[in-house]
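Here is what each chain is made of, one letter per residue.
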Amino acid sequence: MTTIDTSKDNDTKVASPDAIIENLGGCGRFQIRMSIVVHLIKTIICFSFMGMIIISAAPPWWCTDGATGNDVKTCTVHENNTAVQYCQSKSCVNGNNSKCQNFGFESSLNTIVNEFNLVCDRDYIPSIINSIQISGVLVGNIVAGQIADLFGRKPPFFTSIVILIGFNLFGFFSTSWQMFAIARFFTGVGGGFFLTTQYCLLSEFTLAKWRVWIVGFPSWPIQSCLFSLLAWLIHDWRYIQLMTALMGIPCFLAWCVIPESFRWYIAHDKPEKAEVIVRAVAKFNRRTEFDIDKMLRKPDTKEDKKYTFLDLFKSKEMVKVTFLLAANWVALGLVSYGIAFGIQSLSGNIYFNLFLFGLTEIPSKAIALWLQNRFGRRFTSILCFSTVAIGGSVVGIVQTSDVPNKDELTNAFALVSNMGIATAWGSVQTMTIEIYPTVIRNIGFGTLSVTGRIGAIVGPQLVYLNTYIPGLLYYACATISIICVVGILFLPETMDRNLKDRIKQEFDLENAVIHDIVKNNNEDKESPEINIKEPTRPKTKDSRKHLDVTDRKKTIPYSVSSKTETTHM
């Protein structure tokens, strides 16, 4: 990696990727089109995941032993002019107090529960299948994170579409719950591939001020509302999967619209390939007045290092950041999936409840976009987790107490908790993307997504246990949210900071604090920290570690990681 002294030769400046994006129009036609396409593709991931809330739900059921038919109307017979009820709702024993052998289900909801009789001593299986799918997401996060940083963002992104189409079809033809569980595991893998790469791919084409919009745009709740409507019309678990698979086919057309990340090419010393993409973006944005050849220059020394999971733990401070972020991701997974699958046990119509939960997320996410750009990622995350803690505590107390309007209070404050956690996804994901440099961004994002899936695996199990221990799910949600609020206080604020592209030095949390101090002092020209004369030092590789603020302003690396290093052409 080379360093060019601009005081000697202003004609040989090498621009940072952020400077290139700004000269390409910042948030231009290309970025808008790409964001729209990626969020549209996310529809099949949303349908695949939210589908399990309906697919694994238990319709109203009863034991039909002794009945003349499989309808609840046939369960009442008259003996000696006395009505005898044979079919008891959700009872695992028949009228003779022996184990029930036959079950009837309400026809308004056709799911795997009535298809494979997953009730009584088999009632744990739906929650197990939900956890199996999330385990697949976990595997997808690990694999896609490594692939995306070694071979680029585009291959795992489109591989996810192939997997989702194939295994939604496989699930459609399932003849047993075991076969269906296998289908859901690989559906989870496909979803993990997509979720690990989508935001990194989009963020690497946008500037800091627009990053919260592409990450926090409420596409998921909008798609969730649409799904609840379509699922209500379909009423069948098999055709929900078929619909999802067919929706994925047009997504392959996006191959011509979504390029590889030019930042990834730059970070891996492939400027000639980055130039092709930059020229294409410039042409589409109608911004061709700048000289690309001057902005992209092949480095004098080439770095062939392959980064791995271990690079997330290279220093004490990097370990600290990774573990603090991991706690947030565990909370995101546990609370989100716990509350989402808890919709099945709420009072009222499951389709309407799912629609209502999605609908309320839309304005909360929109407010979060403003909060992130106005007050920062940390403040927004703290506010969101505090909301979850309050809502979860209230629901836990209500479920463990004998209070009036119990169902209404449970639904209302579960909705509040859901709004909080849905909003927290955007700020935590944005913070994660902005903390890690390009060379390990997908590895970091993928690794933390894995921790989120660990929490998500636990979520459905807490839903199942909540039927036996009321309040357990929501007390757990409140507790982990409080832990996150404390942990976030020790994370750096990343608002208005350009993305880093390489690991140039040891990651240090204090650098983030120094960055904010320098930014404030830079506004005061009389500040002694800014007006330091450049010392004469031997320009060795080691000496670059000790550059002060002025040094960093006067040298422009090939890849730039902070705003003070950005060159505006």
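Not measured: the values here are computed from a predicted model.

## Focus: the overall build of the chain
The helix and strand tally for the chain stands at 20 helices and six strands. Relative to its 569 residues, the chain shows a buried fraction of 56%. Here the contacts in the chain between residues at least 6 apart in sequence split such that 80% fall between residues at least 24 apart. If you sum the accessible surface of the chain, you get close to 24500 Å²; carbon and sulfur atoms cover 62% of it.

## Re empty space enclosed by the protein
The full count for this structure, using the stated rule, is three cavities of 30 Å³ or more. The volume enclosed by the largest cavity comes to roughly 560 Å³. Along its surface, the largest cavity is lined by 33 residues, and Met50, Trp220, Ser336, Glu361 and Trp425 are the ones closest to its centre. Counting residues per element, the ones that place at least two in the lining of the largest cavity are helix 2 (29-55), helix 6 (177-203), helix 7 (208-216), helix 8 (219-234), helix 13 (316-342), helix 14 (350-375), helix 16 (406-435) and helix 17 (438-466). It is helix 16 that contributes the most residues to the lining of the largest cavity, six residues altogether. Counted by class, the lining of the largest cavity contains 19 nonpolar, ten polar and four charged residues.

## A short note on the packing of aromatic side chains
Tallying each qualifying case throughout the model produces 23 aromatic pairs. One aromatic cluster is present, formed by Phe157, Phe158, Phe194 and Trp255 through successive ring pairs. The aromatic ring of Phe284 is capped on one face by Arg33, whose charged end is 3.9 Å from the ring centroid.

## What about the confidence of the model for the chain?
Mean pLDDT over the chain works out to 79, with 78% of the residues at or above the 70 mark. A low-confidence stretch, residues 1-12 stays under pLDDT 50, and its non-local contacts, those more than four residues away or across chains, total 26 contacts. The model gives residues 523-569 a pLDDT under 50, and that stretch makes 86 contacts with residues more than four places away or in other chains.

## A closer look at the pattern of salt bridges
For the structure on display, the rule yields five salt bridges. Note that Glu115 is salt-bridged to Arg238, the shortest N-O span being 3.2 Å. A residue pair is termed long-range when its members are at least 10 positions apart, and Glu115 in helix 3 (residues 112-115) and Arg238 in helix 9 (residues 237-248) qualify at 123 residues. The class for Arg238 is buried, based on a relative accessible area of 19%. With a closest N to O distance of 2.7 Å, Glu275 and Arg279 form a salt bridge. Of this pair, Glu275 and Arg279 both sit in helix 11 (residues 271-285), separated by four residues, roughly a single helical turn. Here Arg279 falls in the partly exposed class, since its relative accessible area comes to 39%.

## Quick notes on the state of the cysteines
Enumeration according to the criterion identifies two disulfides in this entry. The thiol sulfur of Cys46 is not disulfide-bonded, and the nearest other cysteine sulfur, from Cys225, lies at 9.1 Å.

## Notes on the side chain of Gln399
Mapped onto the elements of the fold, Gln399 is located in helix 15 (residues 377-399). On the basis of relative accessibility, which here comes to 16%, the residue Gln399 falls in the buried class.

## Examining unusual backbone geometry
Across residues other than glycine, the phi torsion is negative in most instances, and most of the peptide bonds are trans. Phi angles above zero are rare outside glycine, and His235 is one such case at about 60°. Classification of His235 as partly exposed rests on a relative accessible area of 28%. The backbone of Asn405 sits at a positive phi, close to 55°, despite the residue not being glycine. Note on placement: Asn405 falls in the loop between helix 15 and helix 16. The exposure class of Asn405 is exposed, given its relative accessible area of 54%.

## Considerations on the side chain of Asn168
Mapped onto the secondary structure, Asn168 falls in helix 5 (residues 154-172). Engagement of the side chain of Asn168 in a polar contact is seen with the backbone oxygen of Leu164, the distance being 2.8 Å. If near-sequence neighbours (up to four positions away) are discounted, Asn168 is found in contact with Ser48, Arg184, Thr187, Gln241, Thr244 and Ala245.

The rules behind the values
Residues numbered from 1 in each chain as written. Predicted model: local features only at pLDDT ≥ 70, side-chain atom pairs only at ≥ 80, totals over all residues. Heavy atoms only, no water. Helix = DSSP H or I, 4+ residues; strand = E, 2+ residues; numbered from the N terminus. Buried < 20%, exposed > 50% of the residue type's maximum accessible area, 1.4 Å probe, protein only. Contact = heavy atoms within 4.5 Å. Areas by Shrake-Rupley, 256 points an atom, 1.4 Å probe, with all protein chains shown as cover. 1 Å grid on protein atoms, 1.4 Å probe; cavity = no way out; pocket = protein on both sides within 12 Å on 5 of 7 lines; lining within 4 Å. Points joined across faces, edges and corners; volume = space filled by probe spheres on them. Nonpolar A, V, L, I, M, F, W, Y, C, P; charged D, E, K, R; others polar. Phe/Tyr/Trp six-rings, centres within 6.5 Å; stacked < 30°, edge-to-face > 60°. Lys NZ or Arg CZ within 6 Å of the ring centre and 35° of its normal. pLDDT = per-residue confidence, 0-100. Salt bridge = Lys/Arg side-chain N within 4 Å of Asp/Glu carboxyl O. Disulfide = S-S within 2.5 Å. Polar contact = N/O pair within 3.5 Å; in protein donor to acceptor, adjacent residues only side chain to side chain.

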